[in-house]
Amino acid sequence: MLKKLTFISLILLSFASCEENKKSQSQSQSQSQSLSQTVPNFNADSAYHYVKQQLDFGPRVPGSEAHAQCVEWFIDFFNDKADTVYIQDFRTRLYNGDVIDGKNIIASFNPQAKKRILLAAHYDSRPFADHDPDENNWNTPIDGANDGASGVGVLMEIARLLKDNPTKAGIDIILFDLEDYGAPAYENIMTNDDWALGSQYWAKNPHIYNYRAYFGILLDMVGAPNPRFPKEYYSQQFAPSLSNDVWSVARDLGYSDYFINELGHPINDDHIYVNLIAKIPMIDIIHLEDNEDSSFYPYWHTLKDNIEQIDSKTLGMVGDVVVNVIYKN
């Protein structure tokens, strides 16, 4: 079964009324904000560089030396860019019963602002290439270039922009750990909550007591050439006005061939727990194919999910959309 594709029944009714209220608030606030902020240019080559630097450590499997070294690099990077950096250590249980340690990394910008926007991606890489065409590779860790590192690279470039170009709203960037340690496909274990362990922990234990954000955007698999970003199903259920607004920004920027105005498959990803547990409306910008075999791009969970699959143009497009959204809110 696919890692993230799930058809579980979710409780969405409470979010519908909440989302309508937020839509009204958004409309009234946009009318009152006559002066818009200058939107800085997103540097796609810089984002690509940040993706490559992650991969240079090797597969960032929790518990590995590569993972630990990458964490230290993240901490140094965000300490230089953000106003405050929180390191959230946690311990959780894997699908097989083993207990493992994880680290969520939170970089906060403009911390005094009451209105906050949450941006997130996961930085760990999968310990199993369980969809590789060669079954001899199924227990080999993957680079996770698109599945993980691409979203982080975009957020790191946004952090670089935020340092010198502050926003009206406060921005919190979260790098979630242990998103991709679910049961390997060959074990045929039907689970959902064994994925996205870092976001589950954060949603129950936010870095600041009673933390609230106006909305959130999750980036996952946002670096492959010729991407296809439909409106992920649960995103459209949890936060329809936000989803529609983001795709409208993409259209206005000329990216409607890639930000497809149609409903995509339901994906069990970090945004599910941010919505259900933390009660923050969050959408998932994620590459989704429209075929019966797999929802994800062809090298998902294979050894070919490497730097060769990353296109700076795609990183630039996604970064441009997110930057325009956060600077105009």
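It should be emphasised that the depicted structure is a prediction, and the values quoted were computed from it without experimental measurement.

Basis of the calculations
- Residues numbered from 1 in each chain as written.
- Predicted model: local features only at pLDDT ≥ 70, side-chain atom pairs only at ≥ 80, totals over all residues.
- Heavy atoms only, no water.
- Helix = DSSP H or I, 4+ residues; strand = E, 2+ residues; numbered from the N terminus.
- Areas by Shrake-Rupley, 256 points an atom, 1.4 Å probe, with all protein chains shown as cover.
- Core = buried A, V, L, I, M, F, W, Y, C linked by side-chain atoms within 4.5 Å.
- Buried < 20%, exposed > 50% of the residue type's maximum accessible area, 1.4 Å probe, protein only.
- Contact = heavy atoms within 4.5 Å.
- Polar contact = N/O pair within 3.5 Å; in protein donor to acceptor, adjacent residues only side chain to side chain.
- pLDDT = per-residue confidence, 0-100.
- Expected span 1.5 Å × (residues − 1).
- Salt bridge = Lys/Arg side-chain N within 4 Å of Asp/Glu carboxyl O.
- Pairing = 2+ DSSP bridges.

Digging into the overall build of the chain
Part 1: A tally of regular secondary structure across the chain gives 9 helices and 8 strands.
Part 2: For the chain, the exposed surface amounts to about 13700 Å²; the carbon and sulfur share of it is 46%.

Considering the nonpolar core
Part 1: Residues Phe74, Phe78, Leu119, Ile158, Ile173, Phe259 and Ile285 are the most contacted members of the largest nonpolar core, which totals 59 residues.
Part 2: The biggest single contributor to this core is helix 4 (residues 145-164), with 10 residues.
Part 3: Every residue in contact with Ile285, bar those within four places of it in the chain, is listed here: Ile217, Leu218, Leu219, Asp220, Val222, Phe229, Val246, Trp247, Phe259 and Val322.

Things to note about the side chain of Arg126
Part 1: Relative to the elements of secondary structure, Arg126 occurs in the loop between strand 3 (116-122) and helix 4.
Part 2: Only 2.8 Å separates the side chain of Arg126 from the backbone oxygen of Gly182, close enough to count as a polar contact.
Part 3: Not counting residues up to four positions away in its chain, the partners in contact with Arg126 are Val61, Pro141, Ile142, Asp180, Tyr181, Gly182, Ala183, Pro184, Ala185, Trp195 and His301.

Thoughts on the environment of Thr167
Part 1: Here Thr167 is to be found in the loop between helix 4 and strand 4 (170-176).
Part 2: For Thr167, a relative accessible area of 7% gives the class buried.
Part 3: Separated by 128 residues in sequence, Thr167 and Val39 place their C-alpha atoms 9.3 Å apart.
Part 4: If sequence neighbours within four positions are ignored, Thr167 has contacts with Gln37, Asn110, Leu162, Ile326 and Tyr327.

Some remarks on the confidence of the model for the chain
Low-pLDDT portions of the prediction should not be read for the details of their coordinates.
Part 1: Looking at the chain as a whole, its pLDDT mean stands at 91, while 88% of the residues score no less than 70.
Part 2: Note that residues 1-35 has pLDDT below 50 and, in this model, 67 contacts with residues that lie over four places away or in other chains.

Quick word on unusual backbone geometry
Part 1: A positive phi angle is found at Asn188, which is not glycine, with a value near 55°.
Part 2: Structurally, Asn188 can be placed in the loop between strand 4 and helix 5 (197-204).
Part 3: The class of Asn188 is exposed, set by a relative accessible area of 64%.
Part 4: In this model, Ala196 sits at a positive phi of 55°, which is unusual for a non-glycine residue.
Part 5: With respect to the helices and strands, Ala196 occurs in the loop between strand 4 and helix 5.

What about helix 7 (residues 240-252)?
At 3.6 residues per turn, the α-helix brings residues three or four places apart onto the same side.
Part 1: Given a rise of 1.5 Å per residue, 13 residues ought to cover 18 Å, and the 18 Å separating the end C-alpha atoms of helix 7 matches this to within 8%.
Part 2: Taken residue by residue, helix 7 has Ser241, Leu242, Ser243, Val246, Trp247 and Ala250 as its buried positions.
Part 3: Directly after helix 7, the chain includes Gly254, whose backbone phi takes a positive value near 90°.

Concerning the pattern of salt bridges
Part 1: For the structure shown, the criterion picks out 11 salt bridges.
Part 2: The residue Lys81 makes a salt bridge to Asp80 at a minimum N-O spacing of 2.8 Å.
Part 3: Looking at Asp80, the relative accessible area reads 41%, which means it is partly exposed.
Part 4: In this structure, the salt-bridge partner of Lys103 is Asp89, at a minimum N-O distance of 2.4 Å. On the criterion of sequence distance, the pair formed by Lys103 in strand 2 (residues 99-109) and Asp89 in strand 1 (residues 84-93) is long-range, its members being 14 residues apart.
Part 5: One network of salt bridges, with partners in common, ties together Asp80, Lys81 and Lys163.

Section: the pairing of strand 4
Part 1: Counting buried positions over the 7 residues of strand 4 gives 7, a clear majority of the element.
Part 2: As paired elements, strand 2 and strand 4 share 5 bridges and run antiparallel to each other. Directly across from Phe109, in strand 4, lies its bridge partner Ile171.
Part 3: In this structure, strand 3 lies alongside strand 4, joined through 7 bridges in parallel fashion.

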